[in-house]
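# Structural features, examined
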Amino acid sequence: RVHRLTRRLLRATDCAMALSALQTSLREDFGASRWVLIITDPARQNLEELNSPELRAVPRGSAELKIFETFFETARPRSGQIRDTQREYLFGGDGSAVGSTVLIPLGEKASLGLLAIASNDTERYLPTMSTDFLVRIGEIFAETISARCS
């Protein structure tokens, strides 16, 4: 699955194609019900111009990201249940249907932001699952953002 994601992203020639490739892979390869990309890198705040409902450009020190402070400090993937405030922020009114979530840091120390992937299945993303592949997804997509979304 990670290999298929990588191949899709390699074929993307611009930022819009990269986001589309990510969306397709998350849905088809990883069974994601929803996903949200939070970009915190000031150099890439213009990505919001892509008008994607899954994409938000939020400055790193923004008060609205306080609920993810621990995540940004550790910059390690998390899987399982997230706090209600985090779920509502990420998924809004659809948040109540979210059963489990993964949070993936993007870039060194999550310098580019975070990728949140949700499933309606409470057993899909468990806290006990290995996060090695989540680290790889974060690295691959961070590189894609750096190369295609400047």
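First, a word on scope: everything that follows refers to the structure included in this document. Just so you know, the residues in each chain are numbered from 1, in the order the chain's sequence is written. Confidence filtering applies because this is a predicted model: local features only for residues at pLDDT of at least 70, side-chain atom pairs given and counted only at 80 or more, and all residues used for totals across whole chains, interfaces and linings. Side-chain calculation: all heavy atoms of the structure are included, whereas hydrogens and water are not.

## Things to note about the packing of aromatic side chains
So the rule is basically this: Each pair of aromatic rings taken from Phe, Tyr and Trp, with Trp reduced to its six-membered ring, is defined by centres within 6.5 Å and is described as stacked if the planes are under 30 degrees apart, edge-to-face if over 60, and tilted in the remaining cases. Buried means the residue's accessible area, taken with a 1.4 Å probe over protein chains only, is under 20% of the maximum for its type, while exposed means over 50%, and partly exposed covers the values in between. Look at NZ for Lys and CZ for Arg. If either is within 6 Å of the ring centre and within 35 degrees of the ring normal, a charge sits over the ring.
Under the defined criterion, the tally for this structure stands at two aromatic pairs. Between the aromatic rings of Phe71 and Phe72, the centroid separation amounts to 5.5 Å while the plane-to-plane angle is 70°, which identifies the pairing as edge-to-face. For the pair shown, Phe71 and Phe72 are each scored as buried. A cation sits over an aromatic face here: Arg56 above Tyr89, 5.0 Å from the ring centre.

## Some details on the pattern of salt bridges
Rules: When a carboxyl oxygen of Asp or Glu is within 4 Å of a side-chain nitrogen of Lys or Arg, the pair counts as a salt bridge. Helix numbers and strand numbers start at the N terminus; a helix is a DSSP run of H or I with at least 4 residues, a strand a run of E with at least 2.
For the coordinates displayed, the defined rule picks out seven salt bridges. Across the pair Lys66 and Glu69 runs a salt bridge, and its minimum N-O distance is 3.6 Å. Glu139 is paired through a salt bridge with Arg136; the nearest N and O atoms lie 3.2 Å apart. In this pair, Glu139 and Arg136 are both assigned in helix H5 (residues 132–148), three residues apart and thus about one turn of the helix distant.

## Looking at the side chain of Arg8
Worth spelling out the cut-off: Polar contacts, as used here, are pairs of N or O atoms within 3.5 Å; protein pairs need one atom able to donate a hydrogen and one able to accept it. Residues neighboring in sequence count only if both atoms are side-chain atoms. Contacts between residues were defined by any pair of non-hydrogen atoms, one from each residue, lying within 4.5 Å.
Turning to its location among the elements, Arg8 is positioned in helix H1 (residues 2–11). Within the structure, Arg8 has its side chain in polar contact with the side chain of Asp29 (distance 3.4 Å). Excluding residues that lie within four positions of it along the chain, Arg8 makes contacts with Ala21, Thr24, Ser25, Glu28 and Asp29.

## Digging into the environment of Arg56
Examined against the element boundaries, Arg56 turns out to sit in strand E2 (residues 55–57). In this structure, the C-alpha to C-alpha distance between Arg56 and Thr70, residues 14 residues apart in sequence, is 20 Å. Within the structure, the side chain of Arg56 is placed 2.7 Å from the backbone oxygen of Leu90, a separation counted as a polar contact.

## So, the environment of Pro77
Structurally, Pro77 can be placed in the loop between helix H3 (69–74) and strand E3 (78–80). Since its relative accessible area comes to 14%, Pro77 is described here as buried. Among residues more than four places away in sequence, those in contact with Pro77 are Leu103, Pro105, Thr131, Leu134 and Val135.

## With respect to the sheet that holds E3
Inclusion rule: Strand pairing is assigned whenever DSSP identifies at least 2 bridges connecting the two strands. In this analysis, axes come from line fits to C-alpha atoms, helices being fitted only over the stretch in contact, and the angle between any two N-to-C directions falls in the range 0 to 180 degrees.
On the basis of which strands lie adjacent, the open sheet formed by five strands has the order E2-E1-E5-E4-E3 and mixed pairing. Only two strands of the sheet have a single partner each, and these edge strands are E2 and E3. Strand after strand, the sheet turns through a mean of 15° between neighbouring axes, direction not considered. Bridge count between strand E1 (residues 34–39) and E2: three bridges; the pairing is parallel. Of the residues in E2, the one forming a bridge with Ile39 is Ala57. Sitting on the sheet, H5 is in contact with E1, strand E4 (100–106) and strand E5 (113–119), with an inclination near 50° to E4.

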